[in-house]
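Spelled out from the first residue to the last, the chains are:
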Amino acid sequence: MGKHQKMTDETLAAAAQNLALAVQNNVDNLEAALVKLESEKQKIKTKLDAARRALKRSLDFQPRIVKLLQCPSCWIRGNDKVPLSQFSSAKHADIHKCRICGWAIVVAPSDEL
Ligand SMILES: [Zn+2]
């Protein structure tokens, strides 16, 4: 191999090494992106499972347990049986509020009263 040929080979090898560095950088970035995506996917899957359980629980919600009105929010989100506290508004409508999660509802007075 002549001197010129050897220099050409060495130049090409060096160029390939530089290209390889760029490719390695790309591999690292793509691997990191994939790891991040898998993590996001797992987070979404966990939330989805919880949402499905909440949806299932919503079917079993009982508005009243032993005369006490129940908070639907606590039941659906946390599977807790929390009775609502009752307040009265100026217009004599009933306000039912949950002391745990803050969920509240106003029930208009009945026409019968
Ligand atoms: Zn609640």
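Remember, it's a predicted structure, so these values are computed and weren't measured experimentally.

(A) Looking closely at the overall build of the protein chain. Within the protein chain, the regular secondary structure consists of two helices and five strands. Reading the protein chain from its N end, one meets helices and strands in the order α-β-β-α-β-β-β. The globule rule puts the C-alpha radius of gyration for 113 residues at 13 Å, and the 33 Å found for the protein chain is more than 25% above it. For the C-alpha atoms alone, the extent of the protein chain along its principal axes is close to 110 × 30 × 20 Å. Within the protein chain, buried positions represent 4% of all 113 residues.

(B) Structural detail: the sheet that holds strand E4 (residues 94-97). Spatial ordering of the open sheet is given by E3-E4-E5, a layout of three strands whose pairing is antiparallel. The open sheet has two free edges, formed respectively by strand E3 (85-88) and strand E5 (104-107), since each of these has just one partner strand. Mean inter-strand twist for the sheet, computed between neighbouring axes without regard to direction, equals 25 degrees. The sheet contact formed by E3 and E4 spans four bridges and is antiparallel.

(C) How the structure looks around the domain arrangement of the protein chain. Looking at the assigned domains, one finds that the protein chain contains domain 1 (1-59) and domain 2 (61-113). Computed over C-alpha atoms, the centres of domain 1 and domain 2 are 52 Å apart.

(D) Seen up close, the environment of Leu30. Mapped onto the elements of the fold, Leu30 is located in helix H1 (residues 3-58). The exposed category is assigned to Leu30, around which 10 C-beta atoms lie within 10 Å. As for Leu30 and Gly2, which are separated by 28 residues in sequence, their C-alpha atoms are 42 Å apart.

(E) Quick peek at the environment of Gln24. Take Gln24: it is sitting in helix H1. Measuring from C-alpha to C-alpha, the distance between Gln24 and Trp75 comes to 52 Å, with 51 residues separating the pair along the chain.

(F) Structural context of the pairing of E4. Across four bridges, the pairing between E4 and E5 is antiparallel. Looking across to E5, one finds that Ile95 is bridged to Val106. Here E4 folds back onto E5 in antiparallel fashion, the turn holding six residues, of which Gly102 has a positive phi close to 85 degrees.

Cut-offs used in this document
- Residues numbered from 1 in each chain as written.
- Predicted model: local features only at pLDDT ≥ 70, side-chain atom pairs only at ≥ 80, totals over all residues.
- Helix = DSSP H or I, 4+ residues; strand = E, 2+ residues; numbered from the N terminus.
- Rg over C-alpha atoms; globule rule 2.2 N^0.38 Å.
- Buried ≥ 20, exposed ≤ 12 C-beta atoms within 10 Å, placed from the backbone.
- Pairing = 2+ DSSP bridges.
- Axes fitted to C-alpha atoms, helices over the stretch in contact; angles between N-to-C directions.
- Domains from an automatic or database assignment.

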